[in-house]
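# Understanding the architecture of this molecule
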Amino acid sequence: MLVEEFNAYREKMNERIMDTANVNIKRFFALDTTSYAEGALDVKTKEMLGLVASMVLRCDDCIKYHLGKCHEAGVNSAEMNEIFMIANLVGGSIVIPHYRRAVEYWDELNGYQG
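Please read these numbers as outputs of a predicted model, since none were measured by experiment. (Residues numbered from 1 in each chain as written. Predicted model: local features only at pLDDT ≥ 70, side-chain atom pairs only at ≥ 80, totals over all residues. Heavy atoms only, no water.)

### Focus on the layout of surface pockets
By volume, the largest pocket is sized at about 520 Å³. If you trace the largest pocket, you find 19 residues lining it, with Arg10, Phe29, Asp32, Cys62 and Tyr65 closest to the centre. Mapped onto the lining of the largest pocket, the elements with two or more residues apiece are helix H1 (2–20), helix H2 (23–35), helix H3 (43–57) and helix H4 (60–72). For the lining of the largest pocket, the leading source of residues is H2, giving five residues. Its residues assigned to classes, the lining of the largest pocket shows eleven nonpolar, five polar and three charged. Counted as a void, the second largest pocket has a volume near 160 Å³. Elements that contribute at least two residues to the lining of the second largest pocket include exactly H1, H4 and helix H6 (96–109). A per-element tally of the lining of the second largest pocket places H4 first, with six residues. Across the lining of the second largest pocket, the residue classes tally to five nonpolar, three polar and four charged. (1 Å grid on protein atoms, 1.4 Å probe; cavity = no way out; pocket = protein on both sides within 12 Å on 5 of 7 lines; lining within 4 Å. Points joined across faces, edges and corners; volume = space filled by probe spheres on them. Helix = DSSP H or I, 4+ residues; strand = E, 2+ residues; numbered from the N terminus. Nonpolar A, V, L, I, M, F, W, Y, C, P; charged D, E, K, R; others polar.)

### Observations concerning the packing of aromatic side chains
Under the counting rule described, the total for this entry stands at two aromatic pairs. A centroid spacing of 6.1 Å and a plane angle of 90° characterise the contact between Phe6 and Tyr105, whose relative ring orientation is edge-to-face. Taken as a pair, Phe6 in helix H1 and Tyr105 in helix H6 lie far apart in primary sequence, 99 residues in all. Across this residue pair, the class does not change: Phe6 and Tyr105 are buried. (Phe/Tyr/Trp six-rings, centres within 6.5 Å; stacked < 30°, edge-to-face > 60°. Buried < 20%, exposed > 50% of the residue type's maximum accessible area, 1.4 Å probe, protein only.)

### Focus on empty space enclosed by the protein
Using the criterion set out here, one finds one cavity of 30 Å³ or more in the structure. Elements with a contribution of two residues or more to the lining of the largest cavity: H4 and H6. Here the residues of the lining of the largest cavity are counted per class, giving four nonpolar, one polar and three charged.

It is worth stressing that arrangement in space is one thing and function is another; only the former is reported here.
Now the structure itself:
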């Protein structure tokens, strides 16, 4: 439910934004998309970096987005636990509430029903 709601809302609002966006906003969205494409670093690594940065910056929408992309890129739960460890180490205890929500979202992505 969390995943479906997030993805539906994100898609709906991105479409709305693009309907009225000026060229600079469209360029910014394109830059964000192309920055995570395969390059010197693979997509999986870039998404893991994006997730750590999002957790440290405490952006729940960004965290959910990168969790989904990490899942698509084949990140496993052992790798995810290390990502969470790094995010908490870098960000400090203020990251813990976001960590809780991230674990809940990751569990849903993986079908865990604890």
